[in-house]
Amino acid sequence: MSDQFSGPSSADGIQWTDYLGSLLLFKVKGYEPAVNTVHGETSAVSADVLVLDGEHVDTEVIDTLVFPKVLQSQIKGRIGGMVLGRLGQGEAKKGQSKPWKLADATEADKAIARAYLAKNTEAPF
């Protein structure tokens with residue numbers, strides 16, 4: 001008999017470095033303009049994230065907050081929808097880290113996402 005209960009989720013959030021170069025599908029849930037963090041107040045986008053290829057294929061990060069500003073700008077206009085892209089990094093400005101961003105999905109990437117969604121008739125998240 002399987003256990004009907006899951007353990008609590010980790011509060012660590014998503015580690016973007018784990019998914020560099022991977023095809024990601026975001027189910028965008030909402031925008032949080034004021035989130036308190038150890039670094040002060042900032043904005044975030046809430047989303048479910050599914051990894052569609054690479055080393056961590058089929059990993060689901062449910063109900064996470066997206067803090068990187070460029071990623072936020074790419075997905076927050078799609079609340080209630082899905083965003084597909086390949087995770088990469090842009091050029092760092094002086095004194096800053098390289099920004100996380102999504103590259104446009106190719107037709108091959110879209111085919112992977114369509115196949116996943118067709119195979120998984122239930123909601124992907």
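Scroll up for the structure.
Fair warning: this is a prediction, and the values are worked out from it, not measured in the lab. (Residues numbered from 1 in each chain as written. Predicted model: local features only at pLDDT ≥ 70, side-chain atom pairs only at ≥ 80, totals over all residues. Heavy atoms only, no water.)

A. Structural context of the layout of surface pockets. Of the volumes computed, that of the second largest pocket is approximately 250 Å³. Along the walls of the second largest pocket sit P68, K69, V70, E91, A92, K93, Q96, S97, K98, P99 and W100, which together make up its complete lining. Partitioned by chemical class, the residues of the lining of the second largest pocket number five nonpolar, two polar and four charged. (1 Å grid on protein atoms, 1.4 Å probe; cavity = no way out; pocket = protein on both sides within 12 Å on 5 of 7 lines; lining within 4 Å. Points joined across faces, edges and corners; volume = space filled by probe spheres on them. Nonpolar A, V, L, I, M, F, W, Y, C, P; charged D, E, K, R; others polar.)

B. The nonpolar core, seen in detail. Residues W16, L24, F26, V66, I75 and L87 are the most contacted members of the largest nonpolar core, which totals 18 residues. For this core, the secondary structure elements donating two or more residues are β1 (23–37), β2 (40–51), β3 (60–66), α1 (69–75), β4 (82–89) and β5 (100–104). Looking at which element gives the most residues to this core, the answer is β2, with four residues. Ignoring any residue separated from it by four or fewer positions in sequence, one finds W16 in contact with L24, F26, V66, P68, L71, L87 and W100. (Core = buried A, V, L, I, M, F, W, Y, C linked by side-chain atoms within 4.5 Å. Buried < 20%, exposed > 50% of the residue type's maximum accessible area, 1.4 Å probe, protein only. Helix = DSSP H or I, 4+ residues; strand = E, 2+ residues; numbered from the N terminus. Contact = heavy atoms within 4.5 Å.)

C. Structural view of the pattern of salt bridges. For the coordinates displayed, the defined rule picks out five salt bridges. Close ionic contact of K29 with D63 constitutes a salt bridge, the shortest N to O distance being 3.6 Å. With K29 in strand β1 and D63 in strand β3, this residue pair connects regions lying 34 residues apart in the sequence. A relative accessible area of 37% means that K29 is categorised as partly exposed. When the shortest N-O distance is used, the salt bridge between D53 and R86 registers 2.9 Å. With D53 in the loop between β2 and β3 and R86 in strand β4, the pair connects residues that are 33 residues apart, well separated along the chain. Salt bridges sharing common partners tie together K29, D48 and D63. (Salt bridge = Lys/Arg side-chain N within 4 Å of Asp/Glu carboxyl O.)

D. Local environment of unusual backbone geometry. Positive phi outside glycine occurs at D58, with the angle close to 75°. Within the secondary structure layout, D58 lies in the loop between β2 and β3. The phi torsion at D63 lies on the positive side, around 50°, for a residue other than glycine.

E. Structural context of helix α2 (residues 107–119). With 13 residues, α2 should reach 18 Å at 1.5 Å per residue; the first-to-last C-alpha distance of 18 Å fits that figure. Listed in full, the buried residues belonging to α2 are D109, A113 and Y116. Along α2, the residues classed as buried sweep out an arc of 60° about the axis, all on the same side. Residues E107, A108, R114, A118 and K119 are exposed on α2 and point more than 90 degrees away from its buried face. Lining the buried residues of α2 we find β1, β2, β3, β4 and β5. (Expected span 1.5 Å × (residues − 1). Arc of directions from axis to C-beta.)

F. Molecular detail of the packing of aromatic side chains. Tallied over the entire structure, the rule returns one aromatic pair. Between W16 and F26, the ring centres sit 6.3 Å apart and the planes meet at 25°, which makes this aromatic pair stacked. Of this pair, W16 sits in the segment before β1 while F26 is found in strand β1, placing the two residues ten residues apart along the sequence. Exposure remark for W16: the relative accessible area of 8% places this residue in the buried category. Owing to a relative accessible area of 0%, F26 belongs among the buried residues under this scheme. Taking the ring centre of Y31 as reference, the NZ or CZ of K76 above it sits at 4.5 Å. (Phe/Tyr/Trp six-rings, centres within 6.5 Å; stacked < 30°, edge-to-face > 60°. Lys NZ or Arg CZ within 6 Å of the ring centre and 35° of its normal.)

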